[in-house]
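If you want the building blocks of each chain, they are given just below.
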Amino acid sequence: MKIKNPVLRFGAGLLAVALAITVLVFLLYGVGMLAEKGPCAGDRSNIPCAYDWEGFGFWTAVLQGYGMAFAGVLAVWLLWFSFRIVRWAGNRFFGPRQQ
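Being a predicted model, the structure only gives us computed values, none of them experimental.

## Regarding the overall build of the protein
In terms of regular secondary structure, the protein is built from 3 helices and 0 strands. Beginning at the N terminus, the succession of helices and strands in the protein can be written as α-α-α. Every one of the 99 residues in the protein was classed for burial, and the buried ones make up 11%. Long-range contacts, defined as pairs at least 24 residues apart, comprise 48% of the intrachain contacts of the protein with a sequence gap of at least 6. Approximately 8,600 Å² of the protein is accessible, and the part contributed by carbon and sulfur atoms is 70%.

Printed below as a string of structure tokens:
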């Protein structure tokens, strides 16, 4: 579907960006809440730790989720980078792979 009116195009683009940001924030919130489940530090009971019980808020969970997502992306990037380095070293010192 093509929108020819520039005002409607701007509105549709703004709505799409706002929807994408909202979805991303709630996904990061979910990841942050999953990361925080488990016994609380210094707590002697087996009650799972949650942000609401400990006085943390929504944005703290979002930041925790962002940190967890960043760590995952960084780990995947490091694996890919090490694969490329090992492949380059193999081609450099042992010649290109024969098909």
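## Things to note about the packing of aromatic side chains
What the rule picks out here adds up to 1 aromatic pair. Ring geometry for Trp77 against Phe81: centres 5.1 Å apart, planes inclined by 10 degrees, an arrangement best described as stacked. Within this pair, Trp77 and its partner Phe81 are both found in helix H3 (residues 58-94), separated by 4 residues, close to a single helical turn. On the basis of relative accessible area, Phe81 is assigned to the partly exposed category, the value being 37%.

Conventions used here
- Residues numbered from 1 in each chain as written.
- Predicted model: local features only at pLDDT ≥ 70, side-chain atom pairs only at ≥ 80, totals over all residues.
- Heavy atoms only, no water.
- Helix = DSSP H or I, 4+ residues; strand = E, 2+ residues; numbered from the N terminus.
- Buried < 20%, exposed > 50% of the residue type's maximum accessible area, 1.4 Å probe, protein only.
- Contact = heavy atoms within 4.5 Å.
- Areas by Shrake-Rupley, 256 points an atom, 1.4 Å probe, with all protein chains shown as cover.
- Phe/Tyr/Trp six-rings, centres within 6.5 Å; stacked < 30°, edge-to-face > 60°.

Remember, this is a structural readout, not a statement about activity or role.
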